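Each chain, written out:
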Amino acid sequence: MESFLGANRLNWDDRAELHSTDTTGSYHIENVLAGGSNLYELETREVGDIIGKDIVHLQCHIGLDTISLKNLGAGSVTGLDFSPTAIAAARDFAAKAGTDDVRFVEAPLFEAVEALGRTFDIAYVTWGSVNWLDDVFRWARVVADLLRPGGRLYLAEGHPLMFQCDRKAAALEFKHDWRTPIARPLAWNEEHTYTGDDRILKHPRYYEWIHPISDVVNALIAAGLTLDFLNEHDTVSWQHFSFAVRAGKDMYGLPENSPKIPMAYSIGATKRSVGGIPYLVTPRTIEGH
């Protein structure tokens, strides 16, 4: 597993270097540094009341969403990421923005509880997060341990049905199983990042896992969270397929002549004050998952 994680870290170090010097406009850097927000309309609408809340932003990358949450009124925001290049860029952006009560911590996601040493009102997790993790049940336990009783998770993520489709094909076509075994991740070699930047990634190899929504939901319930909502969306925040088209500001959907599938989903969940659900057990391991 360390070899998969190591490859992903090198890949994200490269991406962080490109994204922190982004010239495509994808990250709206100047807007964020000037006190604005680069959160999508979907997240802004669904995340709920953040005014004065202590927020942990997991897998925060270069920290622009983290700073945006503070700009939108959060009391304090802590970003965590496993890429030292990303964390260095995030700290630099926070200094340039003159943002108080924003800090960044370098650590793998599964070491977040020990690395952060405190709890929060909200855990914020969006766009390209759980697909980079091999074990969604372990992820949910980390989220639960970082939340205070009554604390909330907000998750927005690419839909597993979309990830099952061949993203290199000219039309919708299934290619991958609905659940990726832990020891057999999907392996990719892509020289460019998703922003459209022409600069080449020095480490193009990376690994991902498809997690069914049922696994994500059951993992959260087993970890002691109660589901507040589960929404599916026909747009996603990046151009996953070459034939996807713009759908509103900075989102992509399928063209009119294509059958529609859910491209993203979002979850709101609240940590229960007392105990778990006694009849719920973690699903048995299937094919190494």
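Above: the structure in question.
Residues numbered from 1 in each chain as written. Predicted model: local features only at pLDDT ≥ 70, side-chain atom pairs only at ≥ 80, totals over all residues. Heavy atoms only, no water.

S.K.: Which residues make up the overall build of the protein, and what values go with them?
M.R.: Counting secondary structure elements, the protein contains 9 helices and 12 strands. Taking 2.2 N^0.38 as the reference for a compact globule, 289 residues should give roughly 19 Å; the C-alpha atoms of the protein span a radius of gyration of 18 Å, in line with that estimate. When its C-alpha atoms are laid out on the principal axes, the protein stretches across 50 × 45 × 40 Å. Per-residue burial for the protein yields a buried fraction of 55% across its 289 residues. A sequence separation of at least 24 residues applies to 74% of the contacts in the protein between residues at least 6 apart. (Helix = DSSP H or I, 4+ residues; strand = E, 2+ residues; numbered from the N terminus. Rg over C-alpha atoms; globule rule 2.2 N^0.38 Å. Buried < 20%, exposed > 50% of the residue type's maximum accessible area, 1.4 Å probe, protein only. Contact = heavy atoms within 4.5 Å.)

S.K.: Please give an account of the pattern of salt bridges that cites residues and values.
M.R.: If you walk through the whole model with that rule in mind, you get 13 salt bridges. Residues Lys 202 and Glu 17 are paired through a salt bridge, measuring 3.3 Å at the closest nitrogen-oxygen approach. With Lys 202 in the loop between strand 6 (186-189) and strand 7 (205-208) and Glu 17 in helix 1 (residues 2-19), the pair connects residues that are 185 residues apart, well separated along the chain. Exposure remark for Lys 202: the relative accessible area of 56% places this residue in the exposed category. By relative accessible area, Glu 17 is classed as partly exposed at 43%. Notably, a salt bridge pairs Arg 148 with Asp 121, separated by 3.0 Å at the nearest N-O pair. Pair noted here: Arg 148 is in strand 5 (residues 147-158) and Asp 121 is in strand 4 (residues 120-126), with a separation of 27 residues, a long-range link. (Salt bridge = Lys/Arg side-chain N within 4 Å of Asp/Glu carboxyl O.)

S.K.: Can you lay out helix 4 (residues 64-71) for me, pointing to particular residues and giving the numbers?
M.R.: The buried fraction of helix 4 is high, at 6 of 8 residues. Just past helix 4, the residue Gly 73 takes up positive phi, approximately 120°.

S.K.: So what's going on with helix 5 (residues 84-97)? Residues and values would help.
M.R.: Over its 14 residues, helix 5 runs 20 Å from end to end, which matches the ideal 20 Å to within 8%, given 1.5 Å per residue. Looking only at helix 5, the buried set comprises Ala 86, Ile 87, Ala 89, Ala 90, Phe 93 and Ala 94. Within helix 5, the buried residues cover an arc of 160° as seen down the axis, which keeps them to one side. Opposite the buried face of helix 5, by more than 90 degrees, sit the exposed residues Ala 95 and Lys 96. Summarising the contacts, the buried residues of helix 5 are in contact with helix 1, helix 2 (29-33), helix 4, strand 2 (76-81) and strand 3 (102-106). Just downstream of helix 5, Gly 98 is the residue with a positive phi angle, here 65°. (Expected span 1.5 Å × (residues − 1). Arc of directions from axis to C-beta.)

S.K.: I'd like to hear about the packing of aromatic side chains, residue by residue, with values.
M.R.: Two measures describe an aromatic ring pair: the distance that separates the ring centres and the angle between the ring planes. In the structure shown here, the tally under the stated rule is 11 aromatic pairs. Arranged with centres 6.4 Å apart and planes meeting at 55°, the rings of Trp 12 and Tyr 194 form a pair that is tilted. Residue Trp 12 is found in helix 1, and its partner Tyr 194 is found in the loop between strand 6 and strand 7; the two are separated by 182 residues along the sequence. Among the aromatic residues, those joined into a cluster by ring pairs are Trp 12, Trp 132, Tyr 194 and Tyr 206. The aromatic ring of Trp 188 is capped on one face by Arg 167, whose charged end is 3.7 Å from the ring centroid. Sitting over the face of the ring of Trp 178, Arg 179 holds its NZ or CZ atom 4.6 Å from the ring centroid. (Phe/Tyr/Trp six-rings, centres within 6.5 Å; stacked < 30°, edge-to-face > 60°. Lys NZ or Arg CZ within 6 Å of the ring centre and 35° of its normal.)

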